[in-house]
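Notes for the structure review
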Amino acid sequence: MPYTTNKSLLARVRAGDEISWKDFYTTYAPLIREVGRFCGVHGHDNETLVVQVMTDIFQKDILARYDPDHVPDDVSFQHDPAKGRFRFFLRGIARNHARNLYRKYRKFDAFDENDASPCLHDEEWENVWDREWRRHVLAMAMVELRHRVRPKTYVAFEMYAVKEIAIEKVAAFLKCSVDSVYTAKTRCIKALKEIVNSLEEA
């Protein structure tokens, strides 16, 4: 599932910029839903998880004051570096709420070492989170890459390297040489690695 974002939202988080609820929600709700599903939090509970995490991060009573789909733009979040790296800050909040929801609706009173939910086990949770975080960062990097390179270069890369369409077909479709498609791929992979490395610093 692709995650949408405006350009370099993670870079803005790192810089301490204020991030609006709308930008943050659009970017991170899919990530939170995905890890929630892996924890056994589904359906309405999964949407509750998203709103609880968002509300906790924004430190406002969002649930009581607004419809989550219509929160004013002036409701914003600003990451405090003293709380640690953002990815770990978000991971901790998401895990706490996923674990609480999972236990609440299954009436668990205590930690059950035999329970299968990853959100109740440190190593499994970190594996799930790290996998989904990498997917999330790659999706954001692809969005930024589209803004960095010429449209034809991006399409060549997407068709050949991502969708794995035969290079001759890509060249014919774009009315360019096979060498041009190779060059587009090389250029985009280099740029994508730079973007991913930058985002991973968050």
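Here goes a summary of the coordinates provided. (Residues numbered from 1 in each chain as written. Predicted model: local features only at pLDDT ≥ 70, side-chain atom pairs only at ≥ 80, totals over all residues. Heavy atoms only, no water.)

1. Looking at the overall build of the chain
The number of helices and strands found in the chain is nine helices and two strands. Counting from the amino terminus, helix and strand elements in the chain follow one another as α-β-α-α-α-β-α-α-α-α-α. The burial tally for the chain puts 47% of its 202 residues in the buried class. Here the contacts in the chain between residues at least 6 apart in sequence split such that 63% fall between residues at least 24 apart. (Helix = DSSP H or I, 4+ residues; strand = E, 2+ residues; numbered from the N terminus. Buried < 20%, exposed > 50% of the residue type's maximum accessible area, 1.4 Å probe, protein only. Contact = heavy atoms within 4.5 Å.)

2. Digging into the packing of helix H7 (residues 151-162) against helix H8 (residues 167-174)
The geometry of H7 relative to H8 is characterised by a closest axis approach of 9 Å and an angle of 155° between their N-to-C directions. The orientation of H7 relative to H8 falls into the category roughly antiparallel. At the point where H7 passes H8, the crossing takes the right-handed sense. Between H7 and H8, the residues in contact are Lys152, Val155, Ala156, Met159 and Tyr160 and Ile167, Val170, Phe173 and Leu174, respectively. Among the residues forming the contact of H7 with H8, the class breakdown is eight nonpolar, no polar and one charged. (Axes fitted to C-alpha atoms, helices over the stretch in contact; angles between N-to-C directions. Parallel < 35°, antiparallel > 145°, perpendicular 65-115°, else oblique. Left-handed = near helix turned anticlockwise from the far one by under 90°. Nonpolar A, V, L, I, M, F, W, Y, C, P; charged D, E, K, R; others polar.)

3. What to know about a positive patch on the surface
A grouping of Arg150, Lys152, Lys175 and Arg187 is seen on the molecular surface, where their side chains present a positively charged patch. With respect to the helices, strands and loops of the structure, Arg150 is situated in the loop between helix H6 (122-148) and H7. (Patch = residues over 30% accessible without salt bridge, like charges linked within 9 Å, V, L, I, M, F, W, Y side chains within 5 Å. Areas by Shrake-Rupley, 256 points an atom, 1.4 Å probe, with all protein chains shown as cover. Salt bridge = Lys/Arg side-chain N within 4 Å of Asp/Glu carboxyl O. Lys, Arg positive; Asp, Glu negative; His and termini not counted. Charge placed at Lys NZ, Arg CZ, Asp CG, Glu CD.)

4. Describing unusual backbone geometry
Leave glycine aside and you will find that most residues have negative phi; peptide bonds, for their part, are mostly trans. The residue Glu164 is not glycine, and still its phi comes out positive at about 60°. One can find Glu164 in the loop between H7 and H8. With relative accessibility at 67%, the residue Glu164 sits in the exposed group.

5. A closer look at the pattern of salt bridges
Following the criterion strictly, the structure yields six salt bridges and no others. The partner of Glu34 in a salt bridge is Arg37, with the nearest N and O atoms 2.9 Å apart. Of the two residues, Glu34 and Arg37 are both situated in helix H2 (residues 21-38); the distance of three residues between them amounts to about one turn of the helix. Three or more residues are tied together by salt bridges with common partners; here these are Arg131, Glu132 and Arg135.

6. Section: the environment of Ile32
With respect to the helices and strands, Ile32 occurs in helix H2. Measuring from C-alpha to C-alpha, the distance between Ile32 and Trp133 comes to 9.7 Å, with 101 residues separating the pair along the chain. When sequence neighbours within four positions are dropped, the list of residues in contact with Ile32 reads Asn46, Leu49, Val50, Val53 and Met54.

7. Some details on the side chain of Arg91
Mapped onto the elements, Arg91 comes out in helix H5 (residues 86-106). Look at Arg91: it is buried, it has no salt bridge, and the nearest opposite charge is Asp130 at 4.0 Å. Apart from residues no more than four positions distant in its own chain, Arg91 is found in contact with Trp125, Glu126, Trp129 and Asp130.

8. Some words on the packing of aromatic side chains
One pass over the structure, following the stated rule, counts 14 aromatic pairs. A centroid spacing of 5.3 Å and a plane angle of 65° characterise the contact between Trp21 and Phe58, whose relative ring orientation is edge-to-face. Highlighted residues: Trp21 in helix H2 and Phe58 in helix H3 (residues 43-58), separated in sequence by 37 residues. Each member of the pair, Trp21 together with Phe58, is buried. (Phe/Tyr/Trp six-rings, centres within 6.5 Å; stacked < 30°, edge-to-face > 60°.)

9. Focus: the nonpolar core
One finds Tyr28, Phe86 and Leu145 to be the most contacted residues of the largest nonpolar core, which totals 49 residues. For this core, the secondary-structure elements that each account for two or more residues are helix H1 (9-14), H2, H3, H5, H6, H7 and helix H9 (178-200). With nine residues, H6 is the single largest residue contributor to this core. Composition of this core by domain shows at least three residues from each of domain 1 (1-144) and domain 2 (149-202). Here Leu145 is in contact with Tyr154, Phe157, Cys188, Ala191, Leu192 and Ile195, once residues within four sequence places are set aside. Core analysis: the second largest hydrophobic core is formed by nine residues, Tyr160, Val170, Ala171 and Ala184 among them. (Core = buried A, V, L, I, M, F, W, Y, C linked by side-chain atoms within 4.5 Å. Domains from an automatic or database assignment.)

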